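Notes for the structure review
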Amino acid sequence: METQPRQADIYDWLRDWQPRSLSQSALTLPSEFYSSAELYRLEQQQIFGKYWYYVGHLSQLHGPGSYFTVDIAEQPLVIVQDKAGTLRGFFNICTHRAGPVALDSGQCKRLTCLYHAWSFDLEGNLRGLPDMEAAENFDRAEHALTPVKVETWGPFIFVNLDPESDPLAVQMGELPEMMQRYQLQTWHRAHSVDYWTDTNWKLYVENNTESYHEPTVHPILAKYYRQVTAEARYHYYLQYTPVLPDSGEVLSVYPEGTFQPGLNEKEMTGVSTVSFFPNFAWIIAPNCAIIYLIDPQGPSRTRVRWDWLVPDQPAAKSAENLEPLIQFYDDIQKEDLTLLPEIQKRVQSIGYRPGRLSPRREMGTHLFQELIVRALAAGVSP
Ligand code: FES
Ligand SMILES: [Fe+2]
């Protein structure tokens, strides 16, 4: 039996870590991964400080000067369209004394700090600085906003805090090609909702990357369980559930005008769940998609933003199409969110010890845990 490392040993555990085979030797993570403030800070540096992660949807912006703020893993950012309409991202931290240069979302000519009103143009250059004339050796260029890299895949905006990172396309691998028939850039964002849970963000992702819990936690999904297929590789987990035409549920009926044209037969007759490391996921059916932004807000607190997309057609956007779908998936989400804080409590208990994973059903959880540990181990000096 593998014993729990104590707090002081977790860095040794990371130094000694070797990849494990799912079927032969995989064990779930030690308790510290879900509770330690130190490991959370290491995640901020090694995962959210180095990987591309999802921050929002292009429809949150409306042309030059529009912006939105976002605070993923407690790093305040502002995403803005500059004068030319190009996307830019900055730490939302004024270079004077760390005030916010924007709140919420809106439209502006300059980003103006809410503390002492220093102002920055849309390219991040410091332009306005009241009552600073007497400051000697003051080089404005040294006090520009700190930029972060921004890229998009379709309508999805990602940032990377590491100036040396590879392009987003490298991290995405083959996913864009696999999804291209859906033409998600043409879909309409119809609804957004934030869920909060007293759960470490990784427990949420781990739950989202396996079908094992579905018949127990979601009785309505039990009838699909045997048909579910899944694979996990590189930075993603992909699950496919064929719909049962006679189930009589919202999942199985796509009235005329509600679904995306041009999908292949498999896409037309099933629901895919994709989870992309570290914080992005989606569920997609021919007539709707739920886009997940998973946002750590401390070692045991997580915000999950769901943006609902539908094909940009009147029937798809109608309340008649959307409301039953929202109800269906909201019920499922609440079943998960009822259970997950119970898991959080238990992984933090002195009675917890790492367990084995189902090779058939939990390959996504295994991949995610391997990616987490690999990223953290890379940040621990030998
Ligand atoms: S902190 Fe921004 S102007 Fe002072
Ligand atoms: Fe679930």
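As the structure is a prediction and not an experimental result, all values here were calculated from the model. (Residues numbered from 1 in each chain as written. Chains lettered and ligands numbered in written order. Predicted model: local features only at pLDDT ≥ 70, side-chain atom pairs only at ≥ 80, totals over all residues.)

**Focus: the overall build of the chain**
To keep it simple, the criterion reads: Helix numbers and strand numbers start at the N terminus; a helix is a DSSP run of H or I with at least 4 residues, a strand a run of E with at least 2. C-alpha atoms define the radius of gyration in this analysis, and the globule rule sets the expected value at 2.2 Å times the number of residues to the power 0.38. Each residue gets a C-beta atom placed from its backbone, and two residues are in contact if those atoms lie within 7 Å.
Assigned secondary structure in the chain consists of 10 helices and 17 strands. Taking 21 Å as the expected radius of gyration for a compact globule of 382 residues, we find that the chain reaches 22 Å, a close match to that expectation. Its C-alpha atoms put the chain at 75 × 60 × 35 Å along the principal axes. Contacts in the chain between residues far apart in sequence, at least 24 positions, make up 63% of those at least 6 positions apart.

**Observations concerning the UniProt feature "domain: Rieske" (unreviewed entry) in the chain**
Note the cut-off: UniProt positions are given in the numbering used here, feature names are shortened, and annotations may be inferred rather than shown by experiment.
In this structure's numbering, the residues bearing the UniProt feature "domain: Rieske" (unreviewed entry) are residues 52–159. Taken end to end, residues 52–159 has its terminal C-alpha atoms 5 Å apart, with 0% of it in helix and 42% in strand.

**Observations concerning helix α2 (residues 37–46)**
Stated formally: Here the C-beta atoms are placed from the backbone, and a residue counts as buried if at least 20 other C-beta atoms lie within 10 Å of its own, exposed if 12 or fewer do, and partly exposed otherwise. The arc in question is traced by the directions running from the helix axis to the C-beta atoms.
Along α2, the residues that are buried comprise Leu39, Tyr40, Leu42 and Glu43. Seen end-on, α2 carries its buried residues on one side only, within an arc spanning 155 degrees. In this structure, α2 carries Ala37 and Glu38 as exposed residues pointing more than 90 degrees from its buried face.

**A word on the domain arrangement of the chain**
Short version of the rule: For the purposes of this description, domain bounds are those given by an automatic or database domain assignment. Classification convention: Asp, Glu, Lys, Arg as charged; Ala, Val, Leu, Ile, Met, Phe, Trp, Tyr, Cys, Pro as nonpolar; all other residues, Gly among them, as polar.
According to the domain assignment, the chain consists of domain 1 (53–164) and domain 2 (174–372). The distance between the C-alpha centroids of domain 1 and domain 2 comes to 32 Å. For the side of domain 1 that touches domain 2, the leading source of residues is strand β1 (residues 53–57), giving three residues. Of the residues in the side of domain 1 that touches domain 2, the class split is six nonpolar, three polar and one charged.

**Digging into the sheet that holds strand β10 (residues 156–160)**
Worth spelling out the cut-off: In this analysis, strands are considered paired if DSSP registers two or more bridges between them. Fitted lines through C-alpha atoms give the axes, limited to the stretch in contact for helices. The angle between two N-to-C directions lies from 0 to 180 degrees.
Taken together, the seven strands give an open sheet; going across it, the order is β1-β10-β9-β4-β3-β2-β5, and neighbouring strands pair in antiparallel fashion. Edge strands, defined here as strands with exactly one partner in the open sheet, are β1 and β5 (105–107). Between one strand axis and the next, the sheet turns through 30 degrees on average, direction left out of account. In this sheet, β5 lies alongside strand β2 (residues 66–72) in antiparallel orientation, the contact comprising three bridges. The residue bridging Phe68 from the neighbouring strand is Ser105, located in β5.

**Observations regarding the sheet that holds strand β14 (residues 270–276)**
Taken together, the seven strands give an open sheet; going across it, the order is β11-β17-β16-β15-β14-β13-β12, and neighbouring strands pair in antiparallel fashion. Two strands in the sheet have a free side with no partner beyond their single neighbour: β11 (188–197) and β12 (229–233). Strand-to-strand twist of the sheet, defined as the mean angle between neighbouring strand axes without regard to direction, takes the value 15 degrees. Where strand β15 (residues 280–285) lies against strand β16 (residues 288–296), six bridges are found, and the strand directions are antiparallel. Considered in β16, the bridge of Ala285 is made with Cys288.

**Regarding the environment of Leu168**
When you line up the elements, Leu168 lands in helix α3 (residues 168–172). For the pair Leu168 and Lys149, spaced 19 residues apart in sequence, the C-alpha separation works out to 9.7 Å.

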